[in-house]
Amino acid sequence: MNNLIEESLKKLNQTNIDNPELDLRILLKHASKKNNEIILSNLNIDNIDIVKFKSYLQKRINRQPIAKIINNKSFWKNDFYVNNFVLDPRPETELIIEEVLNIYKNKNLKLKILDIGTGSGCIAISLAKEFKNASITAIDISKEAIEVAETNLKIHNCSNQIQLKIIDFKNINSKFDLIVSNPPYLTNDQFKNTDPEVKNFEPKLALVGGDDGLKFYREYSNNIKYLMNKSAYFVCEIGINQRQDCEQIFQNSGLYLNKIVKDLQGIERILSFSKI
Ligand code: GLN
């Protein structure tokens with residue numbers, strides 16, 4: 001094995017990184033001058049831009065997530081541009097898309113959709129691709145996040161279907177057929193104890209929902225009914241052990257819980273509510 005590989009793996013291992021070989025391959029590929037496959041045991045070092053590679057490796061050793069180093073993360077059927085102003089799209093959030101596809105079997109519907117806290121825009125864009133006739137309002141209170149979403153809209157040619165707005169959802173006053181959201185839901189304590197990849201490189205604004213993590217669900221529950229058409233659905237992501245509280249919060253405001261979706265780890269992760 002090449003010395004560079006050996007040394008890099010050693011450094012990554014010392015930093016307690018979960019998948020050092022995988023990360024190394026991705027970083028090498030990203031620093032490769034040609035776009036060929038990276039095989040660690042048989043690497044042609046001449047194809048690698050070493051200065052670039054070393055800077056990427058150092059970032060990873062400092063626990064910067066891979067997606068933030070290469071500014072790219074896959075979600076559902078597409079790749080998205082990401083930076084430190086947005087959450088990296090996560091696999092469990094794909095379950096929102098899956099649940100919406102379960103609810104609406106007809107992909108030609110002209111759904112009016114609201115995405116609250118759109119971040120990178122990954123949910124809104126994935127829904128726009130699935131429902132070509134949908135018109136989507138994607139909102140965020142972070143100007144920087146909306147700029148990232150704008151970049152992704154351009155990459156994915158969705159500007160005709162999605163309208164981006166820097167606005168608090170409390171100031172929205174039209175009605176929708178579907179509302180989706182992955183709000184900040186970590187508790188302050190969970191945030192303190194989370195991996196450095198999350199704590200140091202992802203926006204706190206998109207992660208923490210107050211002391212008990214439930215702040216945004218409470219806020220939503222006061223208003224969301226008024227933003228929903230009669231047969232509308234509200235599909236949202238929740239944190240670990242938040243199902244009971246969320247169910248209660250939304251039931252108190254007159255919504256019915258239709259479905260609980262567990263993620264791949266068996267954690268109750270997505271809730272789907274309706275008005276009737
Ligand atoms: N699932 C994320 C995490 O644990 C949190 C995402 C969110 O707050 N919406 O890092």
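Look up: the structure comes first, before these words.
Residues numbered from 1 in each chain as written. Predicted model: local features only at pLDDT ≥ 70, side-chain atom pairs only at ≥ 80, totals over all residues. Heavy atoms only, no water.

Caption draft 1: Structural view of the site of the ligand. Taken together, Leu87, Arg90, Glu92, Asn182, Pro183, Pro184, Tyr185, Leu186, Val198, Ala206 and Leu207 are the residues near the ligand. One of the backbone N or O atoms of Leu207 is found 3.3 Å from an oxygen atom in the ligand. For the ligand, whose unbound accessible area comes to 300 Å², protein coverage reaches 89%. Counting atoms within 2 Å of the grid points, the majority share of the ligand lands in the largest pocket. Considered class by class, the residues forming the shell around the ligand number eight nonpolar, one polar and two charged. (Near = heavy atom within 4 Å. Polar contact = N/O pair within 3.5 Å; in protein donor to acceptor, adjacent residues only side chain to side chain. Areas by Shrake-Rupley, 256 points an atom, 1.4 Å probe, with all protein chains shown as cover. 1 Å grid on protein atoms, 1.4 Å probe; cavity = no way out; pocket = protein on both sides within 12 Å on 5 of 7 lines; lining within 4 Å. Sits in = over half its atoms within 2 Å of the grid points. Nonpolar A, V, L, I, M, F, W, Y, C, P; charged D, E, K, R; others polar.)

Caption draft 2: Here's a closer look at the layout of surface pockets. By volume, the largest pocket is sized at about 1100 Å³. Around the largest pocket, the lining is made up of 41 residues, and of these Lys73, Arg90, Asp195, Val198 and Glu202 lie nearest the centre. A volume near 570 Å³ is recorded for the second largest pocket. Lining the second largest pocket are 35 residues, and of these Gly117, Asp140, Asn182, Pro184 and Ala206 sit closest to its centre. When contributions to the lining of the second largest pocket are tallied by element, the ones reaching two or more residues are strand S3 (112-116), helix H6 (122-130), strand S4 (135-140) and helix H10 (215-223). Ranked by residue count, the leading element in the lining of the second largest pocket is H10, at four residues. Its residues assigned to classes, the lining of the second largest pocket comprises 19 nonpolar, eight polar and eight charged. (Points joined across faces, edges and corners; volume = space filled by probe spheres on them. Helix = DSSP H or I, 4+ residues; strand = E, 2+ residues; numbered from the N terminus.)

Caption draft 3: Representation of the sheet that holds strand S8 (residues 256-262). Strand order in the open sheet formed by seven strands is S5-S4-S3-S6-S7-S9-S8, and the pairing between neighbours is mixed. A strand with exactly one partner marks an edge of an open sheet, and here the two such strands are strand S5 (162-166) and S8. Neighbour-to-neighbour, the strand axes of the sheet open up by a mean angle of 15 degrees, direction not taken into account. Across five bridges, strand S7 (residues 228-237) lies against strand S9 (residues 268-274) in antiparallel orientation. Paired with Glu237 across the two strands is Ile270, which belongs to S9. Docked against the sheet, helix H7 (residues 143-155) engages S4 and S5, running at close to 165 degrees with respect to S5. (Pairing = 2+ DSSP bridges. Axes fitted to C-alpha atoms, helices over the stretch in contact; angles between N-to-C directions. Contact = heavy atoms within 4.5 Å.)

Caption draft 4: Molecular detail of the environment of His156. Looking at the element boundaries, His156 is found in the loop between H7 and S5. Taking the relative accessible area as the measure of exposure, His156 reaches 8% and is therefore buried. With 48 residues separating them along the chain, His156 and Lys204 place their C-alpha atoms 27 Å apart. When near neighbours in sequence (up to four residues on either side) are disregarded, His156 contacts Asn78, Asp79, Phe80, Ile125 and Lys129. A distance of 2.7 Å separates a polar side-chain atom of His156 from the backbone oxygen of Asp79. (Buried < 20%, exposed > 50% of the residue type's maximum accessible area, 1.4 Å probe, protein only.)

Caption draft 5: View of the packing of aromatic side chains. Counted by the stated rule, this structure contains eight aromatic pairs. Centroid distance Phe169 to Tyr220: 4.8 Å. Interplanar angle 80 degrees. Geometry classified as edge-to-face. A residue pair is termed long-range when its members are at least 10 positions apart, and Phe169 in the loop between S5 and strand S6 (176-181) and Tyr220 in helix H10 qualify at 51 residues. According to the relative accessible area criterion, Phe169 is buried, its value standing at 5%. (Phe/Tyr/Trp six-rings, centres within 6.5 Å; stacked < 30°, edge-to-face > 60°.)

Caption draft 6: Spotlight on the pairing of S4. With respect to burial, S4 is a largely interior element, five of its six residues being buried. Sheet topology note: the S3/S4 ladder contains five bridges and is parallel. If you follow Ile116 over to S4, its bridge partner there is Ile139. In this fold, the crossover linking S3 to S4 by way of H6 has right-handed handedness. Here five bridges tie S4 to S5, and the two strands are oriented parallel to one another. Opposite Ala138, over in S5, you have Leu164 as the bridge partner. (Right-handed = clockwise from strand over helix to strand, strands pointing away.)

Caption draft 7: Seen up close, the pattern of salt bridges. Overall, the coordinates contain 17 salt bridges when judged by the stated rule. By sharing partners, the salt bridges in this structure join Asp23, Arg60, Arg63 and Glu197 into a single network. (Salt bridge = Lys/Arg side-chain N within 4 Å of Asp/Glu carboxyl O.)

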